[in-house]
Amino acid sequence: MHRIYDAQNELSAATHLTSKLLKEYEKQRFPLGGDDEVMSSTLQQFAKVIDELSSCHAVLSTQLADAMMFPITQFKERDLKEILTLKEVFQIASNDHDAAINRYSRLSKRRENEKVKFEVVEDVYTSRKKQHQTMMHYFCALNTLQYKKKISMLEPLLGYMQAQISFFKMGSENLTEHLEEFLTNIGTSVQNVRREMESEVENMQQTIEDLEVASDPLYLPDPDTTKFPVHRSLTRKAGYLNARNKTGLVSSSWERQFYFTQGGNLMSQARGDVAGGLVMDIDNCSVMAVDCEDRRYCFQITSFDGKKSSILQAESKKDYEEWICTINNISKQIYLSENAEEIAARVNQSALEAVTPSPSFQQRHESMRPTIQSRPPTARTSSSGSLGSESAPLSTLSLDSLVAPDTPIQFDIISPVSEDQPGQAKTSGQSGRRTNPFGESGGSKSETEDSILHQLFIVRFLGSMEVKYDETPDVVYETMRQILAARAIHNIFRMTESHLLVTCDCLKLIDPQTQVTRLRFPLPNIALYATHQENKRLFGFVLRTSGGRAESRPTSVCYIFESNNEGEKICDSVGLAKQIALHAELDRRASEKQKEIERVKEKQQKELSKQKQIEKDLEEQSRLIAASSRPTQSSGEGQFVVLSSSQSEDSDLGEEGKKKRESEA
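Residues numbered from 1 in each chain as written. Predicted model: local features only at pLDDT ≥ 70, side-chain atom pairs only at ≥ 80, totals over all residues. Heavy atoms only, no water.

Undergrad: Give me the overall build of the chain: which residues, what numbers.
TA: Looking only at helices and strands, the chain features 13 helices and 16 strands. Relative to its full complement of 665 residues, the chain shows a buried share of 35%. Here the chain displays about 41,800 Å² of accessible surface, and carbon together with sulfur accounts for 53% of that area. (Helix = DSSP H or I, 4+ residues; strand = E, 2+ residues; numbered from the N terminus. Buried < 20%, exposed > 50% of the residue type's maximum accessible area, 1.4 Å probe, protein only. Areas by Shrake-Rupley, 256 points an atom, 1.4 Å probe, with all protein chains shown as cover.)

Undergrad: Tell me about the pairing of strand E2 (residues 252–262), residues and numbers included.
TA: Pairing of strand E1 (residues 238–246) with E2, which is carried by nine bridges, proceeds in the antiparallel orientation. Looking at the pairing, Asn245 lines up with Ser253 of E2. Across five bridges, the pairing between E2 and strand E3 (residues 265–269) is antiparallel. Within the sheet, the bridge partner assigned to Phe260 lies in E3 and is Met267. The turn joining E2 and E3, which pair antiparallel and follow one another in sequence, is formed by two residues; a positive phi near 65° is taken by Gly263. (Pairing = 2+ DSSP bridges.)

Undergrad: I'd love a proper account of the sheet that holds E1, names of residues and values included.
TA: Ordered in space as E4-E3-E2-E1-E7-E6-E5, the seven strands form an open sheet in which the pairing is antiparallel. At either margin of the open sheet sits one strand with a lone partner, and together these are strand E4 (277–281) and strand E5 (286–292). Taken pair by pair, the neighbouring strands of this sheet meet at an average axis angle of 40°, ignoring direction. (Axes fitted to C-alpha atoms, helices over the stretch in contact; angles between N-to-C directions.)

Undergrad: Which residues make up the layout of surface pockets, and what values go with them?
TA: Empty space within the second largest pocket amounts to approximately 710 Å³. Lining the second largest pocket are 32 residues, with Arg244, Lys246, Ile311, Glu497 and Gln513 positioned closest to its centre. Going through the elements one at a time, E1, E2, E5, strand E7 (309–313), strand E10 (455–467) and strand E11 (496–502) are the ones with two or more residues in the lining of the second largest pocket. Class assignment of the residues belonging to the lining of the second largest pocket gives a composition of 10 nonpolar, 12 polar and 10 charged. Summarising the domain contributions, the lining of the second largest pocket has at least three residues from each of domain 2 (238–337) and domain 3 (454–582). (1 Å grid on protein atoms, 1.4 Å probe; cavity = no way out; pocket = protein on both sides within 12 Å on 5 of 7 lines; lining within 4 Å. Points joined across faces, edges and corners; volume = space filled by probe spheres on them. Nonpolar A, V, L, I, M, F, W, Y, C, P; charged D, E, K, R; others polar. Domains from an automatic or database assignment.)

Undergrad: Tell me about the side chain of Ser556, and name the residues and values.
TA: For Ser556, the position within the fold is in strand E16 (residues 555–563). The exposure class assigned to Ser556 is buried, which follows from its relative accessible area of 9%. Among residues more than four places away in sequence, those in contact with Ser556 are Met465, Glu466, Val467, Asp470, Val542, Leu543 and Arg544. (Contact = heavy atoms within 4.5 Å.)

Undergrad: A description of the pattern of salt bridges should follow, citing residues and the corresponding values.
TA: Applying the stated criterion across every chain yields a total of 22 salt bridges. The partner of Glu321 in a salt bridge is Arg232, with the nearest N and O atoms 2.9 Å apart. In this pair, Glu321 is assigned in helix H4 (residues 317–331) and Arg232 in the loop between helix H3 (114–214) and E1, connecting sequence segments 89 residues apart. Given the relative accessible area of 8%, Glu321 is considered buried. Where Asp319 meets Lys237, a salt bridge forms, and the shortest distance between an N and an O atom there is 3.8 Å. With Asp319 in helix H4 and Lys237 in the loop between H3 and E1, the pair connects residues that are 82 residues apart, well separated along the chain. Taking relative accessible area as the criterion, Asp319 reaches 26% and is therefore assigned partly exposed. The class of Lys237 is buried, set by a relative accessible area of 14%. Through salt bridges with shared partners, a single network forms among Arg244, Arg460, Glu497, Arg537 and Glu562. (Salt bridge = Lys/Arg side-chain N within 4 Å of Asp/Glu carboxyl O.)

Undergrad: Provide a residue-level description of the packing of helix H1 (residues 2–24) against helix H2 (residues 37–105), including the pertinent values.
TA: Between two packed helices, what matters for the description is the angle formed by their axes and the separation of those axes. Where H1 contacts H2, the two axes come as close as 8 Å, and the packing angle between them is 160°. Judged on the interaxial angle alone, H2 and H1 are roughly antiparallel. In terms of crossing hand, the pair formed by H1 and H2 is left-handed. Here the residues of the contact of H1 with H2 sort into 15 nonpolar, 12 polar and two charged. (Parallel < 35°, antiparallel > 145°, perpendicular 65-115°, else oblique. Left-handed = near helix turned anticlockwise from the far one by under 90°.)

Undergrad: How would you explain unusual backbone geometry if you had to name every residue and give the values?
TA: Despite not being glycine, Tyr297 shows a phi value in the positive range, around 60°. Note on placement: Tyr297 falls in strand E6 (residues 295–302). Even without glycine at this site, Gln515 takes up a positive phi of about 60°. Looking at the element boundaries, Gln515 is found in the loop between strand E12 (506–510) and strand E13 (517–522).

Undergrad: I'd like a description of a nonpolar patch on the surface, backed by residues and values.
TA: Together, Tyr104, Leu107, Val116 and Val121 make up an exposed nonpolar region whose accessible area comes to about 310 Å². With respect to the helices and strands, Val121 occurs in helix H3. A relative accessible area of 38% places Val121 in the partly exposed class. (Patch = residues over 30% accessible without salt bridge, like charges linked within 9 Å, V, L, I, M, F, W, Y side chains within 5 Å.)

Undergrad: Outline the pairing of E5, supporting the account with residue identities and numerical values.
TA: Taken residue by residue, a regular strand's side chains alternate between the two faces of the sheet. Burial analysis of E5 places seven of its seven residues in the buried class, which makes it a mostly covered element. Here E5 shows a buried face lined by Ser286, Met288, Val290 and Cys292 and a second buried face lined by Val287, Ala289 and Asp291. Bridge analysis of E5 against E6 gives six bridges, and the strand direction is antiparallel. The residue bridging Ala289 from the neighbouring strand is Phe299, located in E6. Linking E5 to E6, which pair antiparallel, is a turn of two residues; within it Glu293 sits at a positive phi near 55°.

Undergrad: For the environment of Val542, give the residues involved together with the corresponding values.
TA: Position of Val542 relative to the elements: it lies in strand E15 (residues 538–545). Each C-alpha atom, one on Val542 and one on Ser464, is 9.4 Å from the other, the two residues being 78 residues apart in sequence. Apart from residues no more than four positions distant in its own chain, Val542 is found in contact with Val467, Asp470, Val475, Val476, Asn525, Ile526, Ala527, Leu528, Ser556, Val557 and Cys558.

Undergrad: Which residues make up the confidence of the model for the chain, and what values do they have?
TA: Confidence in the prediction for the chain averages 77 pLDDT; 76% of positions are at 70 or higher. For the stretch residues 350–397, pLDDT sits under 50, and the model shows 95 contacts to residues farther than four places along the chain or on other chains. (pLDDT = per-residue confidence, 0-100.)

Undergrad: Now, about the packing of aromatic side chains: what can you tell me, with residues and values included?
TA: Inspection of every chain in the model, using the stated rule, returns 16 aromatic pairs. One aromatic cluster is present, built from ring pairs that chain together Phe461, Phe521, Phe539, Phe541, Tyr559 and Phe561. (Phe/Tyr/Trp six-rings, centres within 6.5 Å; stacked < 30°, edge-to-face > 60°.)

Undergrad: Which residues make up H4, and what are the values?
TA: Here H4 spans 21 Å end to end across 15 residues, near enough to the 21 Å set by a 1.5 Å rise per residue. Taking burial as the measure, the 15 residues of H4 include 13 buried ones, the bulk of the element. Directly beyond the C-terminal end of H4, a positive phi value near 60° is found at Gln333. (Expected span 1.5 Å × (residues − 1).)

Spelled out as C-alpha cells, the structure:
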C-alpha cells in the first residue's frame, strides 16, 4: 500500500512538472529550430490538458491517503501497539503473582506473628486479582484484534478501489468531451508531419547524391584552379592554416589552427577554444610568398613596423593565392571603402606578383633575352655560369691553385660595413630602411624598383673564403668541400637564414625579420656561380672585389649557401639577371653611340651654318664695294670724283674682278 501511495505521489509530481516544462518550451531557442506558432500553440494546449490530469492525480493521491493509508496506519500504530502494551502489563502481573506465591509458600508451620501472615496473604490476594483482571483485558483485546485485522485489511482495499473509480469518473467527465476532437486533430497533424519528413528525407537524399557528383573534384586537397577560379577581390577570408613555430635555433614545428580576418586584424582560434585571439595587425603589412622547409604553399606576413612576422601554409594553391590576395587587399585598407571589390580588382596585379615567387623565366623575360653566346658546356650541366673567356681545363689546375690551404674561412655574416669592399659597402640610408621585394613601399623610391626581375629565395649562409681562381666552377666545388669539412671539424652547425633577392643589378641578403639588407652583391662583380653536382641544395658564387688580403691586386671571394632544393633555380635566376643586365648595357651603349652620332651631326651642321653666314657677309661686302666704285657727280658744283687705279681696274675687269677680289678676301 505504501509503494502504491508513493508511486501515485511521484506520478502526480511528474505530471505537474511535465505541464510546467511544456509551458516553458516556447521560451527555448534552438539553433536549427525556427518560430513555429502552430507547434507552440499545440504544446500550450497539451500543457493545459496535462495540468488538468495533474490535478486529477493530486485528488487521487489525497483520496488514497485518506481511504487507504489511514486505516492501515491506524491498525499498525494504535491497535497493535495496544496489544503489545497489554502483553507487557500481563507479564508484569504474572511475575508479581509468582513472587507473592513464593513468599506465601515459605511461611513456617509454627505459630508466628499474625501480622506477617496477614501481609503475605493480602499480597497474594492483590497480585492474583491484578493478574486475573489483566488477563481478561489482554484476552479481550486479542479477540478484538482479530476483527480489527479484518477491517484493517478490507478498508484500505475498499478505499483504494473507490479512489480509482472516482479518479476515472472525474477524468471521463472532465477530459473526454473536449479532448476527442483535439486529439483527433493532433493525430492527423502527426501523420502530415511524418509524410513531410519522408518527402524531405527523399529530397535530401537526392540532393546529397547530386552534391557528391558535383563536389567530387573538391575532395582533392589541391583542386584544379582552372575549374575553380581564384577570387582575388576578397576582403575577408577564413580557413585552416598551418603556422610555423620555432622550437630552437634551427628546428621548428607546425601547428594547424583556424584563421580568420576581422577588419584589419588576423585572428586565430585553436580547437576547443571558445573565441579567437589576435595574431597580427595586418593594416599596412607586407605579404609575400616564401619557400620554407620544403613545404608548398607557404607565405609570410610581416607587420608594418617589421617587428613581427608569421609564416603560414595553406592547404591548396587556391587557398594560398586567395589568402595572399585578401591580406594584400586588407593591408591597403580596401575593406574600409564602399566599393571594396572594385578597388581590390585594381590591386590584383601586385597580388599576382606576390603569389608567384619563382615565375617561368622563358615566359616572363623571353623578350629580354639578348642574342649572345650561351654559357659554357660546364655551366649547362652543373647549373653554373662565369664571366670572361672559357675556363681552363681542370686537368691543368691543382686544388692549391684554386684555393690557398691557409685561407681563413668566415662562417657568419658580418655587418655590411665590416669589410671594406665596394660590393658590400653600405650606402647612405640603407641600414634603417625596410626592403620590400615587390615594390609596395610608399616612401622613398627603392633602388630596385626599376628592375624587371625580382626573385626571392630562402637561403642559409654556410661560409665564405678568398679564392685564387674565378674562371671554372671547380673553384666553387672546392670551396664547398673545404667549408663543409671545416664545419664538421669544428662542430659548427648554426646557420644564418636570410632571404636572397635576385634583381637585374645586384643580389641582396635580406633579414627575414626586420627586412633590412644584410649584404649587397653587385651583379657585374659576380664572376662565377654554380650549384653542387650532386647535392642540389648547395650553391655558391665568386665575387670580385677591389681589395683583400693583398691590397695591390683585386681579390675574389667565394660565398657558399644552402637552399631548399633550389640551387639550380637560383643559378638560372642569376644567369637570367646577367643576360637582362647585358641586354640593358648593350641598349645603353647603343643609345650612347646614337647620341654621339647625333652630337657630331649637330656640330657639323653648326659649322656649315657658320660657313654659309661668312659667305653671305662677304657677298654683301663685295656688293657694297662695287656700288662705291662707280663715278658720281655732286649736284650744283660739277666736280668729278677721281677713282683710284685699283678701283678703275676693278671697274674695267667687271664681274671677273669682283669674283677675284672676293676670293682673295
